[in-house]
Each structure stands twice: as structure tokens, then as C-alpha cells.
Amino acid sequence: RDVAPSRGLGDVYKRQKLYRIDYSYYDNAGTATIINKVNSDIAEAENFLTEHFATIITNITAALIYANYVRRINVVLFVAVVVSYPLVIWLSNILVKKMRDVSKVYRLKVDAMLGIDHEAIMGYQIIKAFGLQKYFENRMHRASEELVETEQIRTGISNTAIVIRRLIQWIPSILCAFLSIWLVRNGQLTVGELVGFVVILEKFVESIIGIPFAIVDATGCMVCIGRLEGILSAKDEHFGDKTESDISHNKTVTSNVENDISDRHSSDYAIEFDNIKFAYKEGENVLNDVSFKIKNGENIAIVGSSGGGKTTIFRLLCGLYHASAGTYKLYGMDINEWNIESARENMAIVSQDTFLFPGTIEENIRYGNTNATHDEVVNACKDARIHDFIEGLADGYETVISEGGSQLSGGQRQRIAIARAILKNTPILLLDEPTSAIDEGTEQLIQDALDRLCKGKTSITIAHRLSTIKDADRIIVLQYGRIVETGTHKQLLDIGGVYAEMYAEG
């Protein structure tokens, strides 16, 4: 964990925009929209680069060559050709603007349609349970109709461009042909030059007209490129480049792994919040002047009503967001100075919304430490009280689970997440309501696993069930984004304030 990524590996990371992008982008953008941009829009951008762009360059090159040839034949004919076609630019400009507007709407309609698909798949159980099939069918039907209507407008503009292209291609061509005959009759042009001009005129005109109308055809692709630029221009996570090697370690090294994890830094405090303010929207602070210090190995709980700012604190701790004001230090060093990957190597999260990837159970647990051996995975599962369950499955640790682990119970998923955190073996643990929505029997299993996980480490727990945090070293009570009370369970009950009321309400 003390080693920074190699230079070569860092260069690879720089190319992976989606992995470097700031978390706020994902928080605000729809999943379907991002997927559509990554898949469909990239294909359209590729189409522009391989087809439309090549056509535009070819037409420009050909037009310059033909223009030079006509100029050498006769300057009057050259001027006539150039002056005859400004209408092309004017009309194509109108069509480009309309096509661009319609293409933007079209891509948004596709995003909306994919969004409905995503909602239907992710919420399939709710749709079935609440009988929402007809509702979603109607939503999809309306989205499909709107998409078809937009595509009809796009097709209409494209067909109009074809008709206009032919009209303005032939009318000036005929005029230029008559002009060339008149020049021959007046001795200003030879018959040979006339033949050469007539032969080259069609190709010249085709190239001139091809440029703006190729741009019309490419407009839809350019809209997709603009959408991709929205991703590419999104700000990256901004942090420093310091790692744990930049922090002076204690000279005393114990043989006890758990104690070593807590005592690895010279700073007395693992985490320090000093007058932290944060707002998702300007002027609407979620946190106001939040200050606390957490010692190495201290067990802290954060409680409060919904919307009080508990989850926001976790997001700040993980570096997913930056504080609007104030200072956040991790092991005595400002979080903005840390290499964020190195900082996150000090933390493991167990969330109430456990996410499991498609794959085997062992693969999901090994995400905590991709270099772990099978025996280490097994030991982590034993500590998490999930080993016996896994062994009872037909394929054991090689059991394949679907996205999200839907075939497992909530408690089983939680214990797999705890095993993953145990395997990561970090000095700081962030526990986001890990026993919420769990029955009492399962809660006891999870609580035993958490006790093993937290032993000798710095832990911060968000809790709704206050009975699970009675033994915390310190409890921080949040209300409307401010810390209103701090103390042990007994101290807070003796005060008879906000915490005591919450505890009495159960």
C-alpha cells in the first residue's frame, strides 16, 4: 500500500477517462445516458472519422484541383463558377443548423428510451410485485413514438438536402455551360478549352456542392462527438501525488498485525475534520462547520435523522467529493495532497447496499485483495461467518452469482462484503448501516463478523439501529448538517437531548 503506481501504469490510467472522472459526473448523469455515449456515440464518431471526414477532405482537395484547372482555362469561367454557388453554402448552413438541433433531440430520445429499459431491468421485481407492467409498456410506447417522430424529421431534412442539392447543382451548371458557348462564339475560348471545361465542370460542381452537404450528412455524427466531448471535458478527480511513504511512520514495529495497522502512522489521529462545509448545490449547505478528530483505533458512530449529512461525510472521507470549505486530514496530511488511490488503500467500506459483480463468490471476495490466495479468502470468510454457507453450496466458492447477487439473501451479501473488507485488511473501516433491514438472527451473525473486522482498527459506523452502537468509543449526533451532540452512549442518554429522544423512539 505504501508503493505509488508505476509511471507506466499511471500513463495507462491517464487514458482511461471514465476511471479518472470526478464522482459528481456519475452522481448527476443517468446510467443509460453514459452507456449510450460510450457505445452508440463512439460508433457514430467512428463513422464520422472513417466516412464523412474522408469525404469532406476528398471534396475539398478535388475542388481546389478543379478550380485551378478552370482558372487556367479561362478566368471569366472561374469567376462565374465561384459566384454561381454561394447559394449552396447558405442553404446548407440552414440545413446543418436544423439537422444539429434535431440530432440533439434524437440522441436525448435514445437516452430516455434506454433509461426506461434500464429501470425496467433493475426494478423488475418491483414491477412484478406492484403490477407496473402496463405502466412501463406505455412509457416505452410513448418513448418509441417520440423517437420515430424525431427520426422522421431527420429523414425529411436529409431528403430535402438531396433535392436541393440536385436543383442547385444543375441550374448554375446550365448557366455556366451557356456562358462558355458565348465565350467560344466571341473568340475568348477555344473549342478544345470548351470541351475540357464541360468535362471538368460536372466534377468541379460535384466537389463544391459535396463539401457543405457532406457536412449536413455528418452533423448527426458531430452531435455525438459533442456529447463525447462532454465526458472528455468533465473534470477529473483532483488530488495530490503524496503517498504513505511521505508520512513518517512509527519506528516501533510490533509483530501483531492488527496493532501494526493502527500504529503504522506517526499522527495520533487517523481522521481530522476542521470546520467542514459542503453543498451539492451552491447556497444549499448539507454540512455546516463540522469538526471532529478520530484517533487511531477509535470506534466512532455517526447518527442522525435522514438528510442530516451522514452519507455526505462518508463521501468526503472516501474523496468522492471535496469540501466547499474547511480542512480534511488523513493521518495528518491534507486529503488534497494525497494520491487518491493511495489514500483509498487505507479504507474499506461495508455498505447497506452491497454490490456484487457477476462472477464467482470467490472472485467477488478477492476484489478486496486481487493477490490473495484461496486460503486467505477462506480465512476471511470464516471471520465473516459466511464460510459454512458457501461450503454448503453445490459449487462452493466457485458458485456463480448474477449481477447484484440477487439469488442471495441480504445477510449473505452483507457477510460476503464483510469478507471482502477483511481481505483488504485496511486500517480504517467505513460501515454504512451494515445491519439495516436485516432480521435479528442474521444481525447477530453480521455483528459478530463486524466485531472481528473492527478489532484493532479505526472504524466509523453510520447507524440507524442505535442498539448496535452502544459500545462505540464515541457517538457523533448530526442534525441539519451540524454536530449537535458528542459523547458515549451513557453520556448522551444522561444529557437527555437529541440522541436520548432517538434512542427512546427505538
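Structural data are supplied above this passage.
1. Considering the pairing of strand E1 (residues 269-281)
Working step 1: By the bridge criterion, 8 bridges tie E1 to strand E2 (residues 284-295) in an arrangement that is antiparallel. What sits directly across from Ala279, in E2, is Asn285.
Working step 2: With antiparallel pairing between neighbouring strands as the criterion, E1 and E2 make up a hairpin whose turn holds 2 residues, including Gly283 at a positive phi of roughly 85 degrees.
Working step 3: The sheet contact formed by E1 and strand E4 (residues 325-330) spans 5 bridges and is antiparallel. Considered in E4, the bridge of Asp274 is made with Thr327.

2. Some points on the sheet that holds strand E5 (residues 333-334)
Working step 1: With antiparallel pairing, 4 strands are arranged side by side in an open sheet as E2-E1-E4-E5. Each having just a single partner strand, E2 and E5 make up the two edges of the open sheet.
Working step 2: Sheet strands touched by helix H11 (residues 310-317): E1, E2 and E4. Its angle to E1, the strand with the most contacts, is close to 115 degrees.

3. Side note on the environment of Val70
Working step 1: With respect to the element layout, Val70 can be found in helix H4 (residues 31-73).
Working step 2: Residue classification places Val70 among the buried positions, given a relative accessible area of 0%.
Working step 3: Taking C-alpha positions, Val70 is 9.0 Å from Val81, a pair spaced 11 residues apart along the chain.
Working step 4: In contact with Val70, not counting residues within four places along its chain, are Leu77, Phe78, Phe197, Ile200 and Phe204.

4. Some points on the nonpolar core
Working step 1: In this structure, Ile271, Phe273, Ile313, Leu317, Tyr328 and Leu330 are the most contacted members of the largest nonpolar core, which totals 33 residues.
Working step 2: With 5 residues, E1 is the largest single contributor of residues to this core.
Working step 3: Those residues in contact with Leu317, other than ones at most four positions away along the chain, are Ile271, Phe273, Tyr328, Met347, Leu430 and Ile460.
Working step 4: Core analysis: the next-biggest nonpolar cluster, separate from the first, contains 30 residues, Ile361, Leu408, Ile422 and Ile446 among them.

5. Regarding the sheet that holds strand E11 (residues 474-479)
Working step 1: One open sheet accounts for 6 strands, arranged E6-E9-E10-E3-E11-E12; its pairing is mixed. Sheet topology places strand E6 (347-351) and strand E12 (482-487) at the edges, where each strand pairs with a single neighbour. Neighbour-to-neighbour, the strand axes of this sheet turn through a mean angle of 20 degrees, independent of strand direction.
Working step 2: Pairing between E11 and E12: 5 bridges, direction antiparallel. Following the sheet pairing, Ile476 is matched in E12 by Thr486.
Working step 3: Together, strand E3 (299-304), E11 and E12 form the strand contacts of helix H19 (residues 498-505), whose direction differs from that of E11 by roughly 95 degrees.

6. Quick look at the packing of aromatic side chains
Working step 1: Enumeration according to the criterion identifies 8 aromatic pairs in this entry.
Working step 2: Feature note: the residues Phe273, Phe292 and Tyr328 constitute an aromatic cluster, connected by ring pairs.
Working step 3: Between Lys293 and the ring centre of Tyr269, over which it is positioned, the NZ or CZ distance is 5.2 Å.

7. Topic: helix H14 (residues 374-383)
Working step 1: For H14, every residue scored as buried is listed here: Val377, Val378, Ala380 and Cys381. Looking down the long axis of H14, one finds its buried residues gathered within 160 degrees of arc, a one-sided arrangement.
Working step 2: Here the buried face of H14 lies against helix H13 (361-366), helix H15 (387-391) and helix H16 (410-424).
Working step 3: Just past H14, the residue Arg385 takes up positive phi, approximately 60 degrees.

What counts and what doesn't
Residue numbers restart at each chain and count upward from 1, following the sequence in its written direction. Only residues with pLDDT of 70 or above have their local features reported here, since the model is predicted, and side-chain atom pairs are shown and tallied only from 80 upward, although totals for entire chains, interfaces and linings are computed over all residues. Neither water nor hydrogens contribute to the side-chain values; these are computed over all heavy atoms in the structure. Only strands that DSSP links by at least two bridges are regarded as paired with each other. The way it works is that DSSP assigns letters per residue, a run of H or I at least four long becomes a helix, a run of E at least two long becomes a strand, and they are numbered from the N terminus. Contacts are assigned to residue pairs that have any heavy atoms within 4.5 Å of one another. What counts as an axis is a line fitted to C-alpha atoms, over the stretch in contact for a helix, and the angles between N-to-C directions run from 0 to 180 degrees. For the exposure calls, accessible area comes from a 1.4 Å probe over protein chains only, and a residue counts as buried if that area is under 20% of its type's maximum, exposed if over 50%, partly exposed in between. The criterion is simple. A nonpolar core is a set of buried Ala, Val, Leu, Ile, Met, Phe, Trp, Tyr and Cys residues joined through side-chain atoms within 4.5 Å. By convention, a stacked pair of Phe, Tyr or Trp rings (six-membered ring in the case of Trp) has centres within 6.5 Å and planes under 30 degrees apart, an edge-to-face pair has planes over 60 apart, and any other such pair is tilted. Note on geometry: a ring has a charge over it if NZ (lysine) or CZ (arginine) is within 6 Å of the ring centre and within 35 degrees of the ring normal. Summarising the geometry, the arc corresponds to the directions from the helix axis toward the C-beta atoms.

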